[in-house]
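# Geometric and topological summary
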Amino acid sequence: MAEQEKGRDGLIAEIEKKITEAFEVFDRESNKTVDGREIGCIIRSLGCFPNEAEVQELLAKIEEPDGFVHLENFLRVMTEVLLDRRFQPIPEDVILHAFEALDENKCGYITKEDLVKHLTEEGERFTQEEMEDMLVVALDPETNTLHYRDYRTKLVVDETKIFPFNV
Amino acid sequence: MGSGSSVNVNYKYSLQKSENAFKAAVLIQQWYRRHVARLEMRRRCTWRIFQSIEYSCEQDQIKLHNFFSYLMDQFTPSSSKERDFISRMFISGESYKEAELEKYCDYESIEVPDSYTGPHLSFPLLPDHATALLEAFQQKQQLHARYVLNLLHETRKHLKQLPNISHVSTCYSEEVTVCGDLHGQLDDLFLIFYKNGLPSPSKSYVFNGDFVDRGKQSLEILVILFTFLLIYPKEVHLNRGNHEDHMVNLRYGFTKEVMQKYKVHGKKILRMFQNVFCWLPLATLIDQKVLIIHGGISDTTDLEMLEKIQRDKFISVLRLKKRKESSRKPQIEAVNGESEAGTDAAGNEAAPRLSLQPQSAQAPNTANRLEFSRWLRQTVQEQIDTCRRLMDISESEPEELTYSSVVSLKDVDEPCWTRQEEWKQVLDILWSDPMPQEGCRENKVRGGGCYFGPDVTEKFLDKYSLQFLIRSHECKQEGYEFCHNRKVLTIFSASNYYEIGSNRGAYVKLGPDLIPHFVQYQANKTAHMLTMTQRISRVEESAFRALREKLFAHTSALITAFRSYDGDNTGKITLSNWATAVESVLRLGLPWRMLRPQLVRSTEDGMLEYKSWLDDLAMEQRSQEHIQSSLLEVIYRNRSNLETIFRIIDRDHSGLISFEEFQQTWKLFSSHMNIELTDDGINDLVRSIDFNKDGNIDFNEFLEAFRLVKQRPS
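Within every chain, residues take consecutive numbers counted from 1 along the sequence as written. Written order decides the labels, with chains lettered from A and ligands numbered from 1. With the structure being a predicted model, the display of local features is reserved for residues of pLDDT at least 70 and the display and counting of side-chain atom pairs for 80 or more, all residues being used for whole-chain, interface and lining totals. Computation of side-chain values covers all heavy atoms of the structure but excludes hydrogens and water.

Once that is clear, we can look at the overall build of chain A. Across its full length, chain A carries eight helices and five strands. Starting at the N terminus, helices and strands are each numbered in turn, a helix being any DSSP run of H or I of at least four residues and a strand any DSSP run of E of at least two. Along chain A, helices (α) and strands (β) appear in the sequence α-β-α-α-β-α-α-β-α-α-β-β-α when read from the amino end. Each residue gets one of three labels from its accessible area relative to the maximum for its type: buried under 20%, exposed over 50%, partly exposed in between, using a 1.4 Å probe on protein chains only. Considering chain A as a whole, with its 167 residues, one finds that 46% of them fall into the buried category. Contacts were defined at the residue level, with two residues in contact if any of their heavy atoms lie within 4.5 Å. Here the contacts in chain A between residues at least 6 apart in sequence split such that 61% fall between residues at least 24 apart. Accessible area for chain A stands at about 9200 Å²; split by element, carbon and sulfur atoms hold 48% of it. Using a 1.4 Å probe, the Shrake-Rupley method yields the accessible areas, and only the shown protein chains count as cover for residues.

Laid out in structure tokens, this is it:
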């Protein structure tokens with residue numbers, strides 16, 4: 001039992017170090033606070049895939065009135081998130097199905113117009129900027145379509161290079 | 001009702017379809033946002049890597065000082081040869097009186113051959129000359145040495161008339177454009193002129209220092225800026241930066257650039273530059289409300305003092321650590337008859353400087369270290385005396401500094417005769433950085449100037465009724481950044497400073513309302529065409545290469561650190577301990593756990609075999625197996641300092657030093673660094689790279705052989 005305890009303590013210590021590191025990258029003034037708007041980014045770079053609603057929920061628990069988040073609060077909340085393995089990565093095939101759902105004719109690609117319509121008008125809407133950024137990489141410039149299998153593979157490859165840690 | 005139910009089915013089907021589409025959209029957005037967040041994290045980490053490596057390089061300057069201090073204080077020369085060698089390091093090349101300067105750096109005798117197809121300059125300069133130069137440089141032509149020297153002479157004449165603090169008024173020129181560091185990146189200057197227009201009677205510019213070093217076209221930038229300065233003296237203003245300093249140029253590339261481009265007249269040109277840099281104004285004031293300085297301020301910055309000092313005394317602002325020289329003070333007092341325990345500079349600053357002019361060129365002829373030191377101090381003392389005598393003259397006629405007295409003061413490169421405070425004023429202006437915390441403390445990272453807090457800024461602005469400060473000196477990802485509650489603006493004009501895609505450059509425009517308007521840019525077509533992912537990947541690769549080299553350079557220390565976590569000698573450590581160990585050795589303050597996946601390729605069950613990891617790192621570097629591995633490490637760690645030392649020894653700037661000098665340098669250096677280096681070791685070094693040219697060592701080639709991080713192509 002003691003071994004297990006030690007093991008778990010060690011694990012928690014390591015998790016806390018990782019969270020602190022990620023937090024500090026965004027801590028502009030080196031004063032252990034971060035702008036609340038960057039919290040989503042930090043959570044995601046720790047290996048989690050929350051959606052916007054989930055990010056907001058988390059933020060609501062720790063955001064100060066001035067919009068900033070303190071390290072100690074973030075640490076507390078985030079450690080639990082990681083221990084509980086919340087906001088798990090979206091499996092590759094699920095994403096594939098999601099793209100396929102938008103591909104009405106099942107032809108392997110989605111037109112620019114359809115893509116824009118779905119992602120900026122539905123779900124947790126993309127901002128103009130987000131949409132443009134995605135299109136720059138995702139679209140095949142000649143046909144103005146998104147070949148989603150290739151795109152998904154491409155992004156997954158990038159990811160696996162970088163995936164930060166295994167709990 | 002058949003149709004009704006089919007309508008219902010259709011409706012249900014399309015409802016489900018749109019529900020599915022909605023859910024799909026959420027998933028895709030979720031997944032995509034995760035991807036973007038990861039990119040952002042990578043971008044920031046990369047930035048941190050570059051910054052921490054850059055600042056740790058600045059620490060090299062301190063290490064260099066330590067080396068020279070060591071030579072002075074602790075090292076016992078074992079032979080007269082060795083002593084001669086050391087003393088040569090502390091003896092400057094030549095220094096000149098004004099008339100001699102004219103004679104030595106004379107340009108009139110230099111013939112411009114008919115075969116020369118570059119631009120011709122005649123004085124006084126006209127706007128056409130400027131356009132001709134811009135075109136010529138765009139076509140990669142080179143300005144003839146004669147014109148360069150002529151231009152420098154005229155520039156110096158002009159600068160000498162200017163006060164230490166330039167005054168600009170927006171009521172005359174309407175708008176003022178302020179540019180930050182350019183660091184030899186000519187493309188950025190072209191981009192600024194393209195976007196903003198050339199300097200003209202209706203277009204004022206302030207260039208806030210650091211025109212040179214690092215980039216490969218420092219010379220062209222200076223020629224262009226000086227040309228515009230002379231054509232439009234009312235509209236163009238230049239501030240001195242910390243890189244307008246020959247000691248810094250030795251390390252960071254300007255000296256090398258000039259010597260490579262002007263093989264015959266390079267030395268003269270460099271000498272002239274020294275005498276132009278020291279005349280650059282120290283600050284610019286807009287409408288008495290906005291102060292522009294290169295670095296920053298400190299809690300002792302005094303504009304009145306700054307206005308009055310003789311700025312040309314500070315040819316180089318760098319100096320060694322102060323030493324306690326209580327034994328010397330009595331001598332000084334005796335000479336001056338002052339009872340005051342030499343505040344000055346004279347007392348403390350006589351710590352051996354890198355360039356002193358001995359009255360007699362003879363080295364002491366005993367093997368006694370004490371004798372040697374005494375000789376050196378005596379030499380220094382003589383300098384102090386000369387200066388003091390001249391000082392006395394000039395101080396009695398503050399407004400009428402005679403030409404000759406000003407000139408004579410410049411005979412000595414180092415300001416050992418100025419007051420400590422004056423020197424500090426200039427140092428602080430050129431080298432300081434803002435910090436978020438309150439207070440003011442020594443800037444240990446750069447080895448000069450201060451870190452100043454928002455309270456220092458507030459007090460300073462209040463004292464002089466200013467609205468805000470504009471400074472440069474630090475690279476910013478967006479080209480500019482506010483801090484201290486928008487009271488301090490950093491403007492940085494060298495885009496892609498660390499690597500293509502690393503950052504944008506910017507300039508700021510101020511109208512009579514003094515509200516800043518920014519224009520950002522990035523000088524490189526390829527950067528635009530790359531997607532964000534590609535840009536980040538490229539910069540990232542470059543950063544990690546540099547980081548891996550740093551890791552390699554600390555191999556021995558890392559092994560020791562790893563072993564301390566591997567009590568059972570299994571050869572493995574946990575990834576967590578890896579991160580802690582690496583930070584304890586490198587001290588770069590980097591998020592190692594975030595960076596680990598890019599640095600550590602293979603792990604088994606969460607453990608790292610550290611020896612083979614280090615071996616892999618070593619393999620990436622150039623393989624010089626026959627050289628002592630510890631020596632290799634030393635070279636990597638100290639390459640920048642070694643280069644500077646070689647350049648100091650290479651007084652005629654030929655790029656070659658004798659084999660003996662090379663050997664001597666290594667002996668001294670290894671003694672200081674406490675590494676064992678046998679004669680065989682040195683010979684191996686020499687033989688390993690075939691750079692021996694009739695008994696001389698081309699140290700540029702030598703150093704290139706140990707450079708892994710490739711220079712960016714120009």
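Let's pick the thread back up.
Residues and elements named next belong to chain A. Sequence positions flagged by UniProt for "domain: EF-hand" (unreviewed entry) are, in local numbering, residues 14–49 and 90–125. Taken end to end, residues 14–49 comprises 53% helix and 8% strand; its first and last C-alpha atoms sit 20 Å apart. Taken as a whole, residues 90–125 contains 58% helix and 8% strand, while its terminal C-alpha atoms sit 18 Å from one another. UniProt positions are given in the numbering used here, feature names are shortened, and annotations may be inferred rather than shown by experiment.

Here the focus is the interface of chain B and chain A. Often, the extent of an interface is quoted as the loss of accessible area upon association of its parts. Contacts between chain B and chain A engage 39 residues on the former and 53 residues on the latter. Here the quantity called buried area is the total loss of accessible area, with a 1.4 Å probe, experienced by two parts when brought into contact, counted for both. Of the roughly 4400 Å² buried where chain B meets chain A, counting both sides, 63% is carbon and sulfur surface. When the buried area of chain B at its contact with chain A is split by residue, W31, R33 and R34 of chain B rank highest and sum to 20% of it. Each reported salt bridge corresponds to a side-chain nitrogen of Lys or Arg within 4 Å of a carboxyl oxygen of Asp or Glu. Inspection of the chain B/chain A interface yields five salt bridges.

This part is about the packing of aromatic side chains. The pairing test for Phe, Tyr and Trp rings, Trp by its six-membered ring, is centres within 6.5 Å, and the orientation test on the planes gives stacked under 30 degrees, edge-to-face over 60, and tilted for anything in between. If you walk through the whole model with that rule in mind, you get 25 aromatic pairs over all chains. Aromatic side chains F99 of chain A and W31 of chain B sit 6.0 Å apart centroid to centroid with 85° between the ring planes, which places their arrangement in the edge-to-face category. Residue F99 of chain A is found in helix α5 (residues 92–102), and its partner W31 of chain B is found in helix α1 (residues 2–73); the two belong to separate chains. Each member of the pair F99 of chain A and W31 of chain B is classed as buried. Measuring from centroid to centroid gives 6.2 Å for Y116 of chain B and Y147 of chain B, while their planes differ by 45°, and the two rings are tilted. Highlighted residues: Y116 of chain B in the loop between α3 (98–104) and α4 (127–138) and Y147 of chain B in helix α5 (residues 145–161), separated in sequence by 31 residues. As far as burial versus exposure is concerned, Y116 of chain B and Y147 of chain B are alike and both buried. An aromatic cluster of at least three residues, connected via ring pairs, comprises W47, F50, F492, Y497 and Y498 of chain B. Only when the NZ of Lys or the CZ of Arg is both within 6 Å of the ring centre and within 35 degrees of the ring normal is a charge said to sit over the ring. Between the NZ or CZ atom of R486 of chain B and the centre of the ring of F482 of chain B, over which it lies, the distance is 3.9 Å.

For the rest of this paragraph, the subject is the sheet that holds strand β6 (residues 290–292) of chain B. Residues and elements named next belong to chain B. DSSP bridges decide pairing: two strands pair if at least two such bridges lie between them. The six strands are arranged β1-β5-β6-β10-β12-β11 in an open sheet whose pairing can be described as mixed. The two strands at the open ends of the sheet, each matched to only one other strand, are β1 (165–168) and β11 (480–483). The average angle at which neighbouring strand axes cross in this sheet is 20°, direction not considered. Two strands pair when backbone bridges link them, and β1 and strand β5 (residues 283–286) are joined in this way by four bridges, in the parallel orientation. Paired with S166 across the strands is T284, a residue of β5. To define axes, lines are fitted to C-alpha atoms, for helices over the stretch in contact only, and angles between the resulting N-to-C directions are given on a 0 to 180 degree scale. Helix-sheet contacts for helix α18 (residues 454–463) involve β6, β10 (468–471) and β12 (488–491), and the interaxial angle to β10 is about 115°.

A separate point is the confidence of the model for chain A. Each residue carries a pLDDT score, the predictor's confidence in it, ranging from 0 to 100. Across chain A, pLDDT averages 83, with 89% of residues at or above 70. Counting interchain partners and residues more than four positions distant, the pLDDT-below-50 stretch residues 161–167 of chain A has 23 contacts.

Residue and element names in this part refer to chain B. Overall, the prediction assigns chain B a mean pLDDT of 77, with 74% of residues at 70 or greater. Here residues 708–714 is a poorly scored stretch, pLDDT under 50, and it has 17 contacts once near neighbours within four places are set aside; other chains count. As a predicted assembly, this complex carries a pTM of 0.70 together with an ipTM value of 0.88.

Time to look at the nonpolar core. We call a set of buried Ala, Val, Leu, Ile, Met, Phe, Trp, Tyr and Cys residues a nonpolar core when their side-chain atoms join them within 4.5 Å. Of all hydrophobic cores here, the largest spans 67 residues; its most connected members are F74 and M78 of chain A together with L547, F562, W578 and W592 of chain B. Those residues in contact with L547 of chain B that sit more than four places away from it in its chain are I49, I53, L588, L590, W592, L595 and L599 of chain B. Core analysis: the second largest hydrophobic core is formed by 60 residues, I110, L222, V223 and F277 of chain B among them.

Turning to the pattern of salt bridges, a few remarks are in order. Residues and elements named next belong to chain B. On inspection of all chains with the given rule, the structure shows 25 salt bridges over all chains. A salt bridge links K261 to E220; the nearest nitrogen and oxygen atoms lie 3.0 Å apart. Residue K261 is found in helix α10 (residues 254–261), and its partner E220 is found in helix α8 (residues 218–231); the two are separated by 41 residues along the sequence. Exposure remark for K261: the relative accessible area of 23% places this residue in the partly exposed category.

Time to look at the sheet that holds strand β5 (residues 145–147) of chain A. All names here are of chain A. Pairing is antiparallel across the open sheet formed by three strands, whose spatial order is β3-β5-β4. Edge strands, defined here as strands with exactly one partner in the open sheet, are β3 (109–111) and β4 (139–140). Judged from the two bridges that link them, β4 and β5 form a sheet pairing that is antiparallel. Note that in β5 the partner of D140 across the bridge is T145. Those strands touched by helix α6 (residues 112–121) are β3, β4 and β5, and its axis lies near 80° from that of β3.

Segmentation of the chain into domains, including their bounds, is taken from an automatic or database domain assignment. Assigned domains within chain A: domain 1 (1–84) and domain 2 (92–154). In this structure, domain 1 of chain A and domain 2 of chain A have C-alpha centres spaced 31 Å apart.

Residues and elements named next belong to chain B. With respect to the secondary-structure elements, Q520 resides in strand β14 (residues 516–521). On the accessibility criterion, Q520 (27% relative accessible area) is partly exposed. Once residues within four sequence positions are removed from consideration, Q520 is found in contact with K195, E478, Y480, R504, G505 and A506. Throughout this description, a polar contact denotes any pair of N or O atoms lying within 3.5 Å of each other; where both atoms belong to protein, one of them has to be capable of donating a hydrogen while the other can accept it, and for residues adjacent in sequence the pair is counted only when both atoms sit in side chains. Engagement of the side chain of Q520 in a polar contact is seen with the backbone oxygen of E478, the distance being 2.8 Å.

This part covers α8 of chain B. Given a rise of 1.5 Å per residue, 14 residues ought to cover 20 Å, and the 20 Å separating the end C-alpha atoms of α8 of chain B matches this to within 8%. Counting buried positions over the 14 residues of α8 of chain B gives 13, a clear majority of the element. To estimate how far a helix should extend, the number of its residues minus one is multiplied by 1.5 Å.

Looking now at the packing of helix α21 (residues 555–565) of chain B against helix α24 (residues 610–620) of chain B. All names here are of chain B. Their axes nearest at 11 Å, the elements α21 and α24 cross at an angle of 165°. Here α21 is positioned roughly antiparallel relative to α24, judged by the angle of their axes. At the point where α21 passes α24, the crossing takes the right-handed sense. Touching T555, L558, I559, F562 and R563 of α21 are Y610, K611, W613 and L614, all from α24. All amino acids are sorted into three groups, where Ala, Val, Leu, Ile, Met, Phe, Trp, Tyr, Cys and Pro are nonpolar, Asp, Glu, Lys and Arg are charged, and the leftover types, Gly among them, are polar. Among the residues making up the contact of α21 with α24, the classes are represented as six nonpolar, one polar and two charged. By definition in this entry, angles of less than 35 degrees are roughly parallel, angles greater than 145 are roughly antiparallel, angles of 65 to 115 are roughly perpendicular, and the rest are oblique. The hand of a helix crossing depends on one turn: near helix anticlockwise from the far one by less than a right angle means left-handed, and clockwise means right-handed.

A few words on unusual backbone geometry. All names here are of chain B. The omega torsion of the bond from F123 to P124 falls at 5°, within 30 degrees of zero and hence cis. When you line up the elements, P124 lands in the loop between α3 and α4. The backbone phi angle of H473 is positive, close to 80°, even though this residue is not glycine. Given a relative accessible area of 6%, H473 falls into the buried group. A positive phi angle, close to 65°, is found at R486, a residue other than glycine. Checked against the element boundaries, R486 lands in the loop between β11 and β12.

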